[in-house]
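A closer look at the structure
Each chain, written out:
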Amino acid sequence: MEHHGSDLSERFDESNLKDKIFISAIALFAEYGLTGARMEQIAERAATTKRMVVYHFKTKENLYLQVLEYVYTMIRRSEKKLNLADMPPVEAMVQLVESTFDYHADHPDFIRIICMENMQRGRFIQQSVLLRDVNRSALTLLEDILRRGQQKRLFNKNVNARDVHRLMSSFSFHYVANSYSFSMLFEENPDATAQRQYYREMAVEVVLRYICP
């Protein structure tokens, strides 16, 4: 049965028990995944009981799916807030790449939860109608920027939104998901602020080189 999503709020009320449980679940699913996180842990972190977790979310699987839907909804919502349709195409693309990089860097739990879902071969993504609808906006946003740039002969006409999204996302995702191993193996005493700025600028350069003639 496909899941049609739930009411996902942008802001949480920490005095609200259901919100406290949800915040707790985000942290624990990011840390341990669906299999490793236990309902008792979620309840303890939220200062409540397992019975109340079940009361609000029924099952751990349902709670996990709502968390998955939430983290994807938030990154798509952040993109829409950029108002890129009002910007010249090159400026809009730069802004989108920088924002994508920053969002990934500032939300490591998002990365961890997506990694966990991929380890499950996307089992819960397949169940969610909401996720397909929500994530379509990532491509429509890029399609508009590319179309406007192509009309002005600023972007290669053979470039498509899906590939640009994969390139942009993969660079940003790798920066966070592999931060510990990559830094320990290939960088000596890195300055975290300088390192982030360096790779942020590289992400922009990589995307522009790919899409520009």
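Calculation criteria
Residues numbered from 1 in each chain as written. Predicted model: local features only at pLDDT ≥ 70, side-chain atom pairs only at ≥ 80, totals over all residues. Heavy atoms only, no water. pLDDT = per-residue confidence, 0-100. Contact = heavy atoms within 4.5 Å. Helix = DSSP H or I, 4+ residues; strand = E, 2+ residues; numbered from the N terminus. Buried < 20%, exposed > 50% of the residue type's maximum accessible area, 1.4 Å probe, protein only. 1 Å grid on protein atoms, 1.4 Å probe; cavity = no way out; pocket = protein on both sides within 12 Å on 5 of 7 lines; lining within 4 Å. Points joined across faces, edges and corners; volume = space filled by probe spheres on them. Nonpolar A, V, L, I, M, F, W, Y, C, P; charged D, E, K, R; others polar. Salt bridge = Lys/Arg side-chain N within 4 Å of Asp/Glu carboxyl O.

**Let's talk about the confidence of the model for the protein**
Detailed reading of predicted coordinates is not advised where the pLDDT is low. On average, residues of the protein score 91 in pLDDT, and 95% of them reach the 70 mark or higher. Residue range residues 1–9 is modelled with pLDDT below 50. Its contacts to residues more than four positions away, or to other chains, number 28 contacts.

**Here's the deal with unusual backbone geometry**
At Lys-58, a position not held by glycine, the phi torsion is positive, near 70°. With respect to the element layout, Lys-58 can be found in the loop between helix 3 (50–57) and helix 4 (60–80). On the basis of relative accessible area, Lys-58 is assigned to the exposed category, the value being 56%. Of note in this structure, Arg-121 is not a glycine but carries a positive phi near 60°.

**Comments concerning the layout of surface pockets**
Roughly 580 Å³ of volume is contained in the largest pocket. Lining the largest pocket are 17 residues, with Tyr-72, Arg-76, Ile-114, His-165 and Ser-169 positioned closest to its centre. Each residue belonging to the lining of the largest pocket can be placed in one class, and the counts come to 8 nonpolar, 6 polar and 3 charged. Within this model, the second largest pocket holds a volume of roughly 350 Å³. In this structure, the second largest pocket is lined by 14 residues; those nearest its centre are Arg-112, Val-176, Ala-177, Ser-179 and Tyr-180. Breaking the lining of the second largest pocket down by element, the ones donating at least two residues are helix 6 (108–119), helix 8 (161–177), helix 9 (179–186) and helix 10 (192–211). Ranked by residues supplied to the lining of the second largest pocket, first place goes to helix 6 with 6 residues. For the lining of the second largest pocket, the residue count by class is 10 nonpolar, 2 polar and 2 charged.

**Regarding the pattern of salt bridges**
With the rule as written, the count across this model stands at 13 salt bridges. Note that Asp-144 and Arg-148 form a salt bridge whose closest N and O atoms lie 3.1 Å from each other. On the criterion of helical spacing, the pair formed by Asp-144 and Arg-148 is a turn pair, its members being 4 residues apart in helix 7 (residues 129–151). Among the charged side chains, a salt-bridge network with shared partners connects Glu-98, Asp-102, Asp-106, Arg-196 and Arg-200.

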